[in-house]
Amino acid sequence: MNQSSKIIIEPSWKVALTGEFESAYFQRLTDFVRAEYSSTTVFPTPKNIFRAFTECPFNKVEVVIIGQDPYHGPGQANGLCFAVPENTAIPPSLQNIFKEIRSDLNVQPLEGGDLTRWAKQGVLLLNATLTVRAHNAGSHQNKGWEQFTDAVIQKLSREDRPLVFLLWGNYARKKGSQINRAKHLVLESAHPSPLSAYNGFMGNKHFSQTNNYLKKHGQKEIDWR
């Protein structure tokens, strides 16, 4: 049985990323992640590792938001960057994202922070690293996830259909540096964290700019509520 057949991920992504799943680095990553789940507490739950892909198939992607790590506190990480499960307190960065949506679009975001509602419309909520040890930010960095998610971004960048990439903060900007900007709209700003949100995230109008771009190219606008 080859490595790809063992990976449980949405079928269109499995096809798009087959070469990654068959690679040596991904085998090492898989071995590492399995050992971590068997020996300590890791977030998100195994079924949600590839949830961003499950909720947003490859051919449905219109917008990509790049995060860094999953939340490392209990009950927070759900496989979608910046998102948390329903009935969970909204983290500060997501509170600021909602504030910007209210200011930019004059709409009131829904109460919950799950964000599946965005993913179902074509927003890929992609963390650079898909797993993390509990209470240990960055603990699964430099194990192979970044190479995998770089491949995801590169695959999307090669698509002929126009996409929007939202790069918030220096980490996301660096992660998105290889995106083909002749084909796609790339919007950059400070991170929505309270430490930096008022240095350029608040007032960036990325949500209206995204919708204007999608509308211009004959695509359906995102309901950011």
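In what follows, the structure referred to is the one given above.
Residues numbered from 1 in each chain as written. Predicted model: local features only at pLDDT ≥ 70, side-chain atom pairs only at ≥ 80, totals over all residues. Heavy atoms only, no water.

Draft legend 1. How the structure looks around the overall build of the chain. Each helix and strand counted, the chain has 10 helices and 6 strands in total. In terms of overall dimensions, the chain is globule-like: its C-alpha atoms have a radius of gyration of 17 Å, near the 17 Å expected for 225 residues. With the principal axes as the frame, the chain shows a C-alpha extent of 50 × 40 × 25 Å. Looking at the chain as a whole, 55% of its 225 residues qualify as buried. Put simply, of all contacts in the chain between residues at least 6 apart along the chain, 65% involve residues at least 24 apart. (Helix = DSSP H or I, 4+ residues; strand = E, 2+ residues; numbered from the N terminus. Rg over C-alpha atoms; globule rule 2.2 N^0.38 Å. Buried < 20%, exposed > 50% of the residue type's maximum accessible area, 1.4 Å probe, protein only. Contact = heavy atoms within 4.5 Å.)

Draft legend 2. Structural context of the pairing of strand β2 (residues 63–67). Of all 5 residues in β2, 5 are buried; the element is thus mostly enclosed. Burial along β2 is two-sided: Val63, Ile65 and Gly67 and Val64 and Ile66, pointing in opposite directions, are all buried. Bridge count between β2 and strand β3 (residues 123–127): 5 bridges; the pairing is parallel. Bridging across to β3, Val64 finds its partner in Leu124. (Pairing = 2+ DSSP bridges.)

Draft legend 3. The nonpolar core, seen in detail. In this structure, Ile65, Leu124 and Phe148 are the most contacted members of the largest nonpolar core, which totals 61 residues. Beyond its immediate sequence surroundings of up to four residues, Ile65 is in contact with Cys81, Phe82, Trp118, Val123, Leu124, Leu125, Leu126, Leu166, Trp168 and Trp224. (Core = buried A, V, L, I, M, F, W, Y, C linked by side-chain atoms within 4.5 Å.)

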